[in-house]
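Observations on the three-dimensional arrangement
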Amino acid sequence: MKRLLALLATGASVVGLTALAGPPAQAAAGCSVEYTVTSQWSGGFQAGVKVTNLGDPVSGWTLGFTMPDAGQKVVQGWNATWSQSGSAVTADGVDWNRTLSTGASADLGFVGSFTGSNPAPASFALNGVTCTGSVTDPPTDPPTDPPATGTPVAVNGQLHVCGVHLCNQYDRPVQLRGMSTHGIQWFGQCYGDEALDALADDWKSDLLRIAMYVQEDGYETDPAGFTGRVNALVDEAEARGMYAVIDFHTLTPGDPNYNLDRAKTFFASVAARNADKNNVIYEIANEPNGVSWAAVKNYAEQVIPVIRAADPDAVVIVGTRGWSSLGVSDGSNESEVVDNPVNATNIMYAFHFYAASHKDAYRSTVSRAAAKLPLFVSEFGTVSATGGGAVDRASSTAWLDLLDQLKIGYANWTYSDADEGSAAFRPGTCNGTDYSGSGVLTESGALLKSRISTPDNFPTS
Ligand code: IDC
């Protein structure tokens, strides 16, 4: 539902229209704005703001607008640096969208809160010049009284990062608990309908992490084929109400920049294809290793804009130094990230551990870092870092209790029947169709199923 914003009634707008009618005497910037409330719930909403520069090219910009109701607040925004003073909101362009040629657009957005009513903002202006524009109202029948039960995606909707947490459509922190595939180039037979039904229905998994290796007979050997397989699994997860973490599984070589061009190609494609879904999370580099944090950050700051250009509101997970140990496995710690964070919003940092190898020193790093950085455990094992050996029950339990307490989401390596201790199913399980019967689970699988299948109690208001 679109209606024209009453933005033309001020003198300033005439400047904008004059700029449209002919070459401006000076570098005045006409502009148009589309403001869309994509979802709204009791006390909160998410809005997209597309601003198009109709005037001369600009190399820096500030979009200003006014919240008409005193209770309306920007809680967290993306693709701009947001601030609010009273009812006046400003969004400053960031590195990847600061330059806008004539006719070019920037897609921004924010999660807001409101107390009274939630009318559309007014007086949009780009670099001080009023914009023309339109507003799309929130969907009629906003989900003010959502079902208390439902799939993880039905209950939580589009996720976003709020402070150090992953938050749901009610702007409340949620912990997602689920499983990672093994390399899909080797274990595709483990991700058919029966296996994924068991994951969603019996395990009550909130997410499926799709581990797409880049090397080791992975993506680099058949980019189009692997892109298609990932997209198909995103659809399978969506059909079952699970989130899908698209894992660009770099491992060897450890410098993600080695795969920078492949990453840009891959993420441009999957982000465009999945932009309208609300179940997708992008993980841009599995485990950087043997490489500085500065190099990882540089990679992230080139790949994230590619994703944002196609899918502006999705959460992105950034791998960290030392096999995603926040640097600990390379003798560093989280301060290198805290002191020099990736220049992007709506992102989380990956922390990976293997319970038999990584214990108290790693747990204390996570406890400390969780106060400052949004963390997501996009991969962990109950065994040693080789992926094999015995389950360390004491360390695994200590880890899972800590993650529960901190509300940090996780995906366990692996939902597969690989012949190694980290696999959840006994070898040969994926040759059949029974993923639920007695005897198919390994010790690791039984432990994880017992942890993941407990009720989520996601907040719904
Ligand atoms: C392991 C697999 C194993 C495979 C190996 C090399 O379990 O079957 O041969 O990769 O591809 C990680 C990596 C993950 C590893 C896992 C266990 O992200 O790819 O999987 N691990 O070694 N980081 C720490 C441990």
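For every chain, the first residue of its written sequence is number 1, and the numbers climb from 1 along that sequence. A pLDDT threshold of at least 70 governs which residues receive local features in this predicted model, and a stricter bar of 80 or more applies before side-chain atom pairs are shown or counted, although totals over entire chains, interfaces and linings include all residues. Excluding hydrogens and water, the side-chain figures rest on all heavy atoms present in the structure.

1. Observations regarding helix α9 (residues 360-369)
Of all the residues in α9, the buried ones are Tyr362, Arg363, Thr365, Val366 and Ala369. Considered in projection along α9, the buried side chains sweep an arc of 155° and stay on one side of the axis. Opposite the packed face of α9, turned more than 90 degrees from it, sit the exposed residues Asp360 and Ala361. Throughout this description, buried means an accessible area under 20% of the type-specific maximum (1.4 Å probe, protein chains only), exposed means over 50%, and partly exposed covers the range between. Only DSSP runs of H or I reaching four residues or more are called helices, and only runs of E reaching two or more are called strands; each is numbered from the N terminus. The arc under discussion is defined with respect to the helix axis, by the directions toward the C-beta atoms.

2. Details of unusual backbone geometry
Glycine aside, residues mostly have negative phi, and peptide bonds are mostly found in the trans state. Residue Pro253 is bonded to the preceding Thr252 through a cis peptide linkage, with omega at 5°. For Lys204, which is not glycine, the phi dihedral falls at a positive 55°. With respect to the secondary-structure elements, Lys204 resides in the loop between α3 (193-202) and β15 (207-213). One non-glycine residue with positive phi stands out, namely Asn457, at about 50°. Here Asn457 is to be found in the segment after α11 (443-452).

3. Thoughts on the packing of aromatic side chains
Note on aromatic pairs: each is described by the distance of the centres and the angle between the planes. Any two of the Phe, Tyr and Trp rings considered here, Trp counted by its six-membered ring, make a pair once their centres fall within 6.5 Å; the pair's planes then place it as stacked at under 30 degrees, edge-to-face at over 60, or tilted in between. Tallied over the full model, the rule gives 22 aromatic pairs. Seen in terms of ring centroids, Tyr219 and Phe266 are 5.4 Å apart; in terms of plane orientation they differ by 75°. Their pairing is edge-to-face. A residue pair is termed long-range when its members are at least 10 positions apart, and Tyr219 in the loop between β15 and α4 (223-239) and Phe266 in helix α5 (residues 260-274) qualify at 47 residues. The two residues Tyr219 and Phe266 agree in class, both being buried. Each ring, one from Tyr415 and one from Phe425, has its centre 4.9 Å from the other, and the planes form 80°; the classification is edge-to-face. Here Tyr415 is found in the loop between β21 (410-413) and α11, whereas its partner Phe425 is found in the loop between β21 and α11, with 10 residues between them in sequence. Taken as a pair, Tyr415 and Phe425 share a single burial class, namely buried. Ring pairing ties together the aromatic residues Tyr35, Phe65, Trp82, Phe110 and Phe124, which thus form one cluster. Over the ring of Phe226 we find Arg229; its NZ or CZ atom is 4.3 Å from the centre of that ring. A ring has a charge above it when a Lys NZ or an Arg CZ is no more than 6 Å from the ring centre and no more than 35 degrees off the ring normal.

4. Overview of the sheet that holds strand β10 (residues 129-130)
Spatially, the five strands line up as an open sheet ordered β6-β7-β4-β9-β10, and their pairing is antiparallel. Since the sheet does not close on itself, it has two edges, and those belong to β6 (81-85) and β10, each with one partner. Note that β6 and strand β7 (residues 88-92) share five bridges and pair antiparallel. Looking at the pairing, Gln84 lines up with Val89 of β7. In this analysis, strands are considered paired if DSSP registers two or more bridges between them.

5. Re the pattern of salt bridges
The salt bridge criterion pairs a side-chain nitrogen of Lys or Arg with a carboxyl oxygen of Asp or Glu, the two atoms within 4 Å. Counted under the stated rule, the structure contains 20 salt bridges. Of the charged contacts, one joins Arg209 and Glu379 as a salt bridge, the two residues approaching to 3.0 Å between their closest N and O atoms. Separated by 170 residues along the polypeptide, Arg209 in strand β15 and Glu379 in strand β20 (residues 375-381) bring together distant segments of the chain. One network of salt bridges, with partners in common, ties together Asp193, Asp197, Glu236 and Arg240.

6. Some words on the side chain of Arg177
Along the polypeptide, Arg177 turns up in strand β14 (residues 177-180). Taking the relative accessible area as the measure of exposure, Arg177 reaches 6% and is therefore buried. Polar contacts involving the side chain of Arg177 include one to the main-chain carbonyl oxygen of Arg451, which spans 2.8 Å. As used in this structure description, the phrase polar contact means that two N or O atoms lie within 3.5 Å; if the pair is within protein, one of them must be able to donate a hydrogen and the other to accept it, and residues adjacent in sequence are counted only when both atoms belong to side chains. Within the structure, Arg177 has its side chain in polar contact with the backbone oxygen of Pro455 (distance 3.5 Å). Working rule for contacts: check all heavy atoms of both residues, and any pair within 4.5 Å makes them a contact. Among all residues touching Arg177, those that are not within four sequence positions of it are Ser205, Asp206, Leu207, Asp404, Tyr410, Arg451, Ile452, Thr454, Pro455 and Asp456.

7. Regarding the confidence of the model for the protein chain
On average, the protein chain scores 90 in pLDDT, and the residues at 70 or more come to 90%. The predictor rates its confidence in each residue with pLDDT, a number between 0 and 100. Low confidence marks residues 1-28, where pLDDT is under 50. Its contacts with residues over four positions away, or in another chain, come to 46 contacts. Every residue in residues 142-148 is under pLDDT 50, and counting partners more than four places away or in other chains gives 10 contacts.

8. Overview of the site of the ligand
For the ligand, the set of nearby residues contains 15 residues, the closest of which are Tyr213, His249, Glu287, Ala385 and Glu420. One of the side-chain N or O atoms of Asn286 is found 3.0 Å from an oxygen atom in the ligand. Within the side chain of Trp413, a nitrogen or oxygen atom sits 3.1 Å from an oxygen atom of the ligand. Relative to its free-state accessible area of 500 Å², the ligand is covered by the protein chains to the extent of 78%. Under the scheme applied, nonpolar residues are Ala, Val, Leu, Ile, Met, Phe, Trp, Tyr, Cys and Pro; charged residues are Asp, Glu, Lys and Arg; polar residues are all the others, including Gly. Here the residues of the shell around the ligand sort into six nonpolar, five polar and four charged. Any residue with a heavy atom positioned within 4 Å of a molecule or strand is treated as near that molecule or strand. The Shrake-Rupley method, run with a 1.4 Å probe sphere, supplies the accessible areas, and residue values consider only the shown protein chains as cover.

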